Every structure is written in structure tokens, then in C-alpha cells.
Amino acid sequence: MTETGLQSETLDLDPPAVAPANEAGRDLMSKFDGLIAERKALIDTGVTDPFAIVMDEVRSPTEAVIKGRETILLGTYNYMGMTFDPDVIAAGHAALDDYGSGTNGSRMLNGTFRDHMEVEQALRDFYGVSGAIVFSTGYMANLGMISTLVGKGEYVILDADSHASIYDGCKQGVAEIVRFRHNSVEDLDKRLGRLPKEAGKLVVLEGVYSMLGDIAPLKEMVAVAKKHGAMVLSDEAHSMGFYGPNGRGVYEAEGLEDEVDFVVGTFSKSVGTVGGFCISNHPKFEAIRLACRAYIFTASLPPSVVATAAASIRKLMTATEKRERLWANARQLHGGLKAQGFRLGTENCDSAIVAVILDDQEQAVAMWQGLLDAGVYVNMARPPATPAGTFLLRCSLCAEHRPEQIATVLERFEAAGRAFGAIA
Ligand SMILES: Cc1ncc(COP(=O)(O)O)c(C=O)c1O
């Protein structure tokens, strides 16, 4: 599940105050009783489990068969629709035939094949930088980069709504952790001002925040970070491919390529496969390979995966038409839902994520189920994963959605919204 770090911060998994009597000792699994009961209560209401959906068939980036029903996919983060691109698929087939199904090893030892080098070159070309390091997932890229960059006596400063992988990267490391209010330039400034001047500092930001689809005021935040002598890492997972003149992300759109020190990204969204990476122009960047545990102590991605990623990234460099279609689709959905009277996560169409805010869990689940029954899949998100205790239906657009599919989605949203009291 793709969630903000709020979940890992607030989920209470402490053992119950009174441990269950058991001669064999405390059952460590009893800490999950609350979660199990909550899940059961939800399923007992007769709804499909929103967190256990199975795609029986996937027909295209925008269509699947779920529970025997043809369904429009509107919650996949497959922004650029690369998963069925014939060139990408052919690259994967060829690598599977030529190099086998896996590498069996760490990048440091026997796990670097030709296409690991090729995908890192594709990233350097895409971002116009001197350094690129690929990790096995985006989660591991954040985990590894943050925990390696900031050490003892140094500070990592993160937005309260950061993704779980950013929180976990902070926890994995030994630096002091400082949180600031979501997207508050003022709070960031205040908190940085309290830290020792001479200490190393890393400010971690996201170009697009995945729950509400809102963007960071990166220009102001980066200026504040630099004023206090901090380095900046921007996670551009939800902007790659379609934000900025070359699709590099919000930091590119804001003209911050010389100011942002590290950019983390993922292959699991616009690139259409799996994997993560960090890029940088820092002259010592390669040293990360020698020090980063999340890079060293795990097997590298299979050759077919890095070959598909390399092919996809190279195609994204010239995907102008797809970018335009994605933005047109996002505007169509955002504008349509707004006109229908839904409360949305952002006033304007800021990204390819459109979050519909609902009153409570009952309404969110009913709407989610109503849409699924009508053949539309969206993500359901609820506290503690969501900011400010909100219940959301999160939609993400794809360049391959056809305008008529979005029109259908809008009709179904309107019907469900009226049926369950989300709109008048
Ligand atoms: C902002 C952000 N960073 C990192 C990740 C992790 O990416 P991956 O799916 O490659 O592990 C995600 C994924 O959901 C994300 O939303």
C-alpha cells in the first residue's frame, strides 16, 4: 500500500497492557488483535476488502478484470501508461532470454549485469546529471539514501506528511529527526533556525504528496534550507515523466536543478516496472555504493526489470504527447468532480492525483464499493494513513485513459456520490 509515513508513526502496535495468560509465554501476534478485529468488522458489513483486491486479468494500463467484471483502473500510479508499451515489453523479453530470470547477487558482487549499467546511464541522460544509483525499490532508495547521508550528530528534517519510506529512512539512521508542519515554509525556517549552525543537515521534501496530490512550495523551501546551510533531497516519485520541461519533476519545473542535491525516484509509477533510484551531481556521489546498506546487502533487480526500465526511461524523454494527454485527463477528472460538488484534496489540478474527501469511513467504504460494483477501481485511504484524519478516495490518472473513459468515471462518481450522500 502506498501511504504516508503517518501510519508508521501513529499505528499503535504495543503489546496490550495485560498480556494474555499463556504458559508458553506472550504470543507476539496478539499485538495485531486490534487490526484483525477492525478488518473483520469491515468485512462483516458485506463489503469487498479494499486492501485485498485481486486483478484477475490486466488488459491494458487502464482496464482490468476484477471479480469477473471489466473495470476501469483509476488507482494505479501508472501515470505514463508504460506497462504495455511494445518496446518496453520487447526489452524485457530479450533480457530474460539473454541473461536469465535473476542475478542471485548484490550489485557489489555478482549482481551487476549490462542492463544495470544501461538503466543508470538512461537515468543520467534523462535527468542530465553525472550520477545515478539504482536500488531494488523506491522504498529502499529512501531508506538507504537518508540513513546513509545523515549520521550521528547530524539532522534530518522532514515534512510531517512524508511517505513511510522517508520516515523509515530516518528511523534506520542515527541522525536527529526533526519534523515540520506539512508544506509550511515558516515552520521549516523556524525549526532549522533552532539547530546548531555547524551541524550537517538534510531537508527531505516531496515534489507531489501522494495522499492529496498537492505539491510542495519547493522554491521557497529550498531557499530556506539553503539559507540554513542544509542539503536537500527531493522525492519526485509522483512527478517523474510529466512535470517540468523534461519530465524530471517539480524541482525541474521550479528551476531548482542546481539547488536540489539529491533526487529520489521510483520505477513503479511512470516508468511502469519496479525499482528505485537516486540521482545527483555531487562529485562524491559514487561513494554511496560503498556505504549504503540498502544498496549493498540485498540482491539486485532482475535483468528483465532493469532492461524494461531503461527502455521506458528512454521513451519518456520524448513522451511530449503522453504528457499532454495525462494533464488533459487530470484536468478533465478534477474539473468534472469539482463541478459535481465533490470536496477535493486540491483546489486546482496540481498533479495527476485527484483525491476525493469524504465525511467518514462509512461513506468512503460505501462510495468505494459502489464505484467498484459499477466497474471503476480507485484507492481507498483512511486514517491513520491519511493526513488530518481524512477519508479519501484517491484517483490517479494515466496518459492512456481515453476521454470517454473519464466521462464514464464521472457519471459513476456522480451516481455513487448522490446515492451515498457525498454530493447533494
Ligand atoms: C513518495 C513516495 N516515495 C517512495 C515510494 C516507494 O516507491 P516503491 O513503490 O518503488 O517502493 C512511494 C511509493 O508509493 C512514494 O509514494
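This structure is a prediction, so every number in the text was calculated from the model and none was measured.

(A) Seen up close, unusual backbone geometry. The backbone of Tyr-77 sits at a positive phi, close to 60 degrees, despite the residue not being glycine. Of note, Tyr-77 is situated in the loop between β3 (69-73) and α3 (86-99). Positive phi values are uncommon outside glycine, yet Asn-183 reaches one of about 60 degrees. By the element assignment, Asn-183 lies in the loop between β6 (176-180) and α7 (185-193). According to the relative accessible area criterion, Asn-183 is buried, its value standing at 18%.

(B) Focus on the packing of helix α13 (residues 320-340) against helix α15 (residues 403-419). Orientation of α13 relative to α15, taken along the N-to-C sense of each, is 25 degrees, at an axis distance of 10 Å. Our classification of the angle between α13 and α15 gives roughly parallel. Crossing of α13 against α15: the hand is right-handed. Mapping the contact onto sequence places Asn-329, Gln-332, Leu-333, Gly-336, Leu-337 and Gln-340 in α13 and Pro-403, Ile-406, Ala-407, Val-409, Leu-410, Glu-411, Phe-413 and Glu-414 in α15. Broken down by class, the residue content of the contact of α13 with α15 amounts to 8 nonpolar, 4 polar and 2 charged.

(C) Representation of a nonpolar patch on the surface in the model. Taken together, the side chains of Met-55, Val-58, Phe-84 and Ile-89 present a nonpolar region at the surface, about 310 Å² in accessible area. Looking at the secondary structure, you find Phe-84 in the loop between β3 and α3. Exposure remark for Phe-84: the relative accessible area of 38% places this residue in the partly exposed category.

(D) Local environment of the pattern of salt bridges. Within the structure shown, the criterion is met by 26 salt bridges. Arg-314 serves as the salt-bridge partner of Glu-118, at 3.1 Å between the closest nitrogen and oxygen. Of this pair, Glu-118 sits in helix α4 (residues 114-127) while Arg-314 sits in helix α12 (residues 303-316), placing them 196 residues apart in sequence. Take Glu-118: its relative accessible area is 28%, and that puts it in the partly exposed class. The salt bridge involving Glu-321 is made with Arg-325; its shortest N-O contact spans 3.5 Å. Of this pair, Glu-321 and Arg-325 both sit in helix α13, separated by 4 residues, roughly a single helical turn. A network of salt bridges, in which partner residues are shared, links Arg-107, Glu-120, Glu-286 and Arg-289.

(E) Region of the structure containing the packing of aromatic side chains. Within this structure, the stated rule accounts for 12 aromatic pairs. Ring centres of Phe-242 and Trp-327 lie 5.9 Å apart, and the angle between their planes is 70 degrees; this geometry places the pair in the edge-to-face category. Of this pair, Phe-242 sits in the loop between β8 (231-235) and α9 (250-253) while Trp-327 is found in helix α13, placing the two residues 85 residues apart along the sequence. Residue classification places Phe-242 among the buried residues on the basis of a relative accessible area of 3%. On the basis of relative accessibility, which here comes to 16%, the residue Trp-327 falls in the buried class. Linked through ring pairs, Tyr-77, Tyr-79, Phe-242, Tyr-243 and Trp-327 together constitute an aromatic cluster.

(F) Representation of the nonpolar core. Residues Phe-267, Leu-333, Leu-393 and Phe-413 are the most contacted members of the largest nonpolar core, which totals 97 residues. The leading source of residues in this core is α12, at 8 residues. Leu-393 has contacts with Val-354, Ala-355, Val-356, Leu-358, Ala-364, Met-367, Trp-368, Leu-371, Val-378, Asn-379, Met-380 and Phe-413, leaving out every residue within four places of it along the chain. Membership of the second largest hydrophobic core comes to 26 residues, among which are Ala-160, Cys-170, Cys-278 and Ile-288.

(G) Expanded view of the environment of Gln-172. Within the secondary structure, Gln-172 sits in helix α6 (residues 164-172). Through-space distance from the C-alpha of Gln-172 to that of Leu-143 is 7.0 Å; in sequence the pair is 29 residues apart.

(H) Molecular detail of the packing of α3 against α12. Direction vectors running N to C along α3 and α12 enclose 150 degrees, while the axes themselves pass 8 Å from each other. Taken together, the axes of α3 and α12 lie roughly antiparallel to each other. For the element pair α3 and α12, the recorded crossing hand is right-handed. On the side of α3, the interface is formed by Asp-87, Val-88, Ala-91, Gly-92, Ala-95, Leu-96 and Tyr-99, while α12 contributes Pro-303, Ser-304, Ala-307, Thr-308, Ala-311, Ser-312 and Lys-315.

(I) Representation of the sheet that holds strand β14 (residues 379-381). If you trace the 4 strands from one edge of the open sheet to the other, you get β11-β12-β15-β14, paired in antiparallel fashion. Each end of this open sheet is capped by a strand with a single partner; those strands are β11 (343-344) and β14. Two elements, β11 and strand β12 (residues 353-358), share 2 bridges in a ladder whose sense is antiparallel. Residue pairing for β12: Leu-344 is matched across the bridge by Val-356. Its contacts with the sheet place helix α14 (residues 361-373) against β12, β14 and β15 (391-396), and it is angled at close to 30 degrees to β15.

(J) Focus on α13. Between its terminal C-alpha atoms α13 stretches 30 Å, which fits the 30 Å expected from 21 residues at 1.5 Å a residue. All of the buried residues along α13 are Lys-322, Arg-323, Leu-326, Trp-327, Asn-329, Ala-330, Leu-333, His-334, Gly-336, Leu-337 and Gln-340.

(K) Representation of the side chain of Arg-289. Along the chain, Arg-289 falls in helix α10 (residues 288-291). Its relative accessible area of 11% is what places Arg-289 among the buried residues. A polar atom in the side chain of Arg-289 sits 3.0 Å from the side chain of Glu-120. Among the polar contacts listed, one links the side chain of Arg-289 to the backbone oxygen of Ala-132, at a separation of 3.1 Å. Setting aside its immediate chain neighbours within four residues, Arg-289 contacts Arg-107, Met-108, Glu-120, Ala-132, Ile-133, Tyr-295 and Ile-296.

Here is what the cut-offs are and how they apply
Residues numbered from 1 in each chain as written. Predicted model: local features only at pLDDT ≥ 70, side-chain atom pairs only at ≥ 80, totals over all residues. Heavy atoms only, no water. Helix = DSSP H or I, 4+ residues; strand = E, 2+ residues; numbered from the N terminus. Buried < 20%, exposed > 50% of the residue type's maximum accessible area, 1.4 Å probe, protein only. Axes fitted to C-alpha atoms, helices over the stretch in contact; angles between N-to-C directions. Parallel < 35°, antiparallel > 145°, perpendicular 65-115°, else oblique. Left-handed = near helix turned anticlockwise from the far one by under 90°. Contact = heavy atoms within 4.5 Å. Nonpolar A, V, L, I, M, F, W, Y, C, P; charged D, E, K, R; others polar. Patch = residues over 30% accessible without salt bridge, like charges linked within 9 Å, V, L, I, M, F, W, Y side chains within 5 Å. Areas by Shrake-Rupley, 256 points an atom, 1.4 Å probe, with all protein chains shown as cover. Salt bridge = Lys/Arg side-chain N within 4 Å of Asp/Glu carboxyl O. Phe/Tyr/Trp six-rings, centres within 6.5 Å; stacked < 30°, edge-to-face > 60°. Core = buried A, V, L, I, M, F, W, Y, C linked by side-chain atoms within 4.5 Å. Pairing = 2+ DSSP bridges. Expected span 1.5 Å × (residues − 1). Polar contact = N/O pair within 3.5 Å; in protein donor to acceptor, adjacent residues only side chain to side chain.

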